[in-house]
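Here are the chains, one letter per residue:
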Amino acid sequence: MTHAERSSAAIALPVDLDEAAHRCLVAGFDGATTVPDTLKRLIDRGLGGVILFTRNVRDAGQVRRLTDELRALRPDLLVAIDNEGGDIGHLVKAGAPDVPGSYALGVVDDPALTARCADALAGHLATLGITASYAPVADLQHQPRNPIVRTRSFGADPELAARHLRAWITATDVRGIASCAKHFPGHGGTITDSHHGVAIDPRPYGELLVDLEPFRAAVAAGVPMLMSAHVVFPALDANRPATLSRRILGDLLRLDLGFDGVLVSDALEMKAIADEYGEAAGARIALAAGADQVIVAVPDLAVTLACRDAVLDALHARMLAEERVWEAAGRVRRLAERYATPRPVVAPWDADAGLEAARRAVRTRPLPPPVRGAHVLDLFPAPHPALNWGGEDLLTELRAIDPTATGTALNEEPADPAALADAIGGRSAPLVIATSDAVLHPWQARLRDTLVARRPGAILVDTGLPEGGTLCSYGRGRVNLRAVAEVLADA
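Caption draft 1: Just empty space enclosed by the protein, in detail. Per the counting criterion, the structure on display carries six cavities of 30 Å³ or more. Considered as a void within the structure, the largest cavity measures approximately 150 Å³ in volume. Lining of the largest cavity is provided by 17 residues; of these, Gly86, Ile88, Ala96, Pro97 and Asp98 occupy positions nearest its centre. Partitioning the lining of the largest cavity into residue classes produces eight nonpolar, six polar and three charged.

What follows is the structure, given as C-alpha cells:
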C-alpha cells in the first residue's frame, strides 16, 4: 500500500460514498499486457473509467485481452480513448481504420460520409472492447493562430459543424459506443494550447455565443458525454477556466444548454490546470463546479491517487458536498449501464470511407498537372506529446504510387537550411514542397520561400489548414496524404 493509499484509508467515509467518489475518476496507466496492482485496487473501490493511449497498444489482440481483463475486474468500468481520426493515431498498431480528420470531412460537407467514417472508427473500437470515445471535436476553428484545434475541427461555420456532429454522434451511438463532444464551451478562439499553459479567449459574450451552437446540436443529438475546456473566458468567468467554473459548467451547460449527461474534464495534468492549481486541487474544484468525472491521463498512478485523496479529504471536511458527488456518480452509473458492456457481435464497417472522404476533400480545389519522378520536401511540426502521430509523411505515400519519387521529410528545422536549399534547388526533377501550418512554424515558411525563389514552378502543398498552396489535404492523416499523392502521380 502506498503512502497515499494509507492516508486515504484513515478517512472514514461510508463505503457507498467512497465508491461514488471513485466513480468520478478516469485514470491513465502504463502497461499493455498487465494491469498494475494500484489500478486494480482503484477499480475494486469503484473507479469510473480508464483511458488508453499509444503506450497501452501493441496490436488488436493484445488490446482486446487488456480490455477484457479490465472489465473482468469490474464489469461497469468504462474503457475510453481519444479516437478522432486524422493524424491522432493511438490505435495505428491495432489496425485502426484510416479516416481523415474532421476538417476534411467539413470541407466535403457530406454528413452521410462523415457518418460512415465515424461508424468505421466506432466499429473498430467495439472489436477492441473499448466502449467510450473522446470524440468528436465540437470546437470551431476561427482563430488563425490557434495551435491545438485546427484540422481537428469541422470548420468555422457553426451550422456545418452541427450537421457533422449530429452525424458522428448518431453513427457512434448505433455501434454502442459512447461519444464525447469537446471542448466545452470551445477552444477554437485561443492562441495558447492548454496542454502547455493558460489559454484565454478574450472575445466578448456576444461573440462567444456562436461557439455554443455546435454543443447545442450535440446535446440535441443525445451526446452522452461532453468534455470541458481548460480555457479562461473573461466574459463568462474572469477567475477560473471552464473546467473549474460553476458559472460555465452549471449555469451555462446544465441550465442553458440543458445537458444532463456525463461532463468529463480534459486531463488534469495539462499545464493550464497543473501549473496554476495542481492536479489534486483541480480534481476537487472541478467536481465541485459541476464535472462528473475528471481525467488523470498520466501513467503515474500516484497522481491519480493524489487526486482521489483530495476528493475524499474534501468530502470528509465537507468542502465538497456529498450531494454533488452522488449526482455525478449517478450520471456515470447511468452511462456505464448503457455503454460499458461491449456488444458480442460487431458488424463490418466501410473500410473505404476514409479514403473516399480524403480524395473528395483534395478535389474541392483546382488541381495542378500531375508530376512523376518529383522531388518532395515534406515539412511538418514535431508530434504533439499528447496527440500521438502514426508516422505518416507525404514522401512515403507518394513513393507507394510512384517509386521514382525522391525527397526528404523533416519535422524540425534542418541544421543547415541554406545547404539543404542549395541541394534541392539544384535538382532538375519537378519540385513539390509540402508544409503543415507554416504560420505557426516559421522555419517551414523560410525554407519554402527560399526554394520557391529559386524554383518558382514548384508545386506547393498545404497539409494543415489552407495557406495558399496549390493543393490542400486539410490534415495529415495517412489517407489525407495518400489523396494528395494520387493527384501528384495522376493515380
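Caption draft 2: Representation of helix α6 (residues 111-128). Between its first and last C-alpha atoms α6 spans 26 Å; for 18 residues at 1.5 Å apiece the expected length is 26 Å, and the two agree. With 13 of 18 residues buried, α6 lies mostly within the body of the structure. Immediately beyond the C-terminal end of α6, within one or two residues, lies glycine 129, with a positive phi of roughly 80 degrees.

Caption draft 3: Layout of the nonpolar core. Counting 100 residues, the largest nonpolar core has Leu39, Leu47, Leu70, Ile130 and Leu226 as its most contacted members. When residues no more than four places from it in sequence are discounted, the contact partners of leucine 39 are Ala27, Phe29, Leu47, Val50, Leu70 and Leu301. Listed in part, the 23 residues of the second largest apolar core include Ala358, Leu471, Ala483 and Val487.

Caption draft 4: How the structure looks around the sheet that holds strand β7 (residues 225-228). The strand order across the open sheet formed by three strands is β5-β7-β10, and the pairing between neighbours is parallel. Where the open sheet ends on each side, the last strands, each with one partner, are β5 (180-184) and β10 (262-264). The mean inter-strand angle of the sheet, taken between neighbouring strand axes irrespective of direction, is 25 degrees. In the sheet, β5 pairs with β7 via four bridges, with the strands oriented parallel. Its bridge partner lying in β7, cysteine 180 is registered against methionine 225. Strands β5 and β7 of the sheet are contacted by helix α8 (residues 205-220), whose axis makes an angle of about 155 degrees with β5.

Rules behind the numbers
Residues numbered from 1 in each chain as written. Predicted model: local features only at pLDDT ≥ 70, side-chain atom pairs only at ≥ 80, totals over all residues. Heavy atoms only, no water. 1 Å grid on protein atoms, 1.4 Å probe; cavity = no way out; pocket = protein on both sides within 12 Å on 5 of 7 lines; lining within 4 Å. Points joined across faces, edges and corners; volume = space filled by probe spheres on them. Nonpolar A, V, L, I, M, F, W, Y, C, P; charged D, E, K, R; others polar. Helix = DSSP H or I, 4+ residues; strand = E, 2+ residues; numbered from the N terminus. Expected span 1.5 Å × (residues − 1). Buried < 20%, exposed > 50% of the residue type's maximum accessible area, 1.4 Å probe, protein only. Core = buried A, V, L, I, M, F, W, Y, C linked by side-chain atoms within 4.5 Å. Contact = heavy atoms within 4.5 Å. Pairing = 2+ DSSP bridges. Axes fitted to C-alpha atoms, helices over the stretch in contact; angles between N-to-C directions.

On their own, these measurements won't tell you what the molecule is for.
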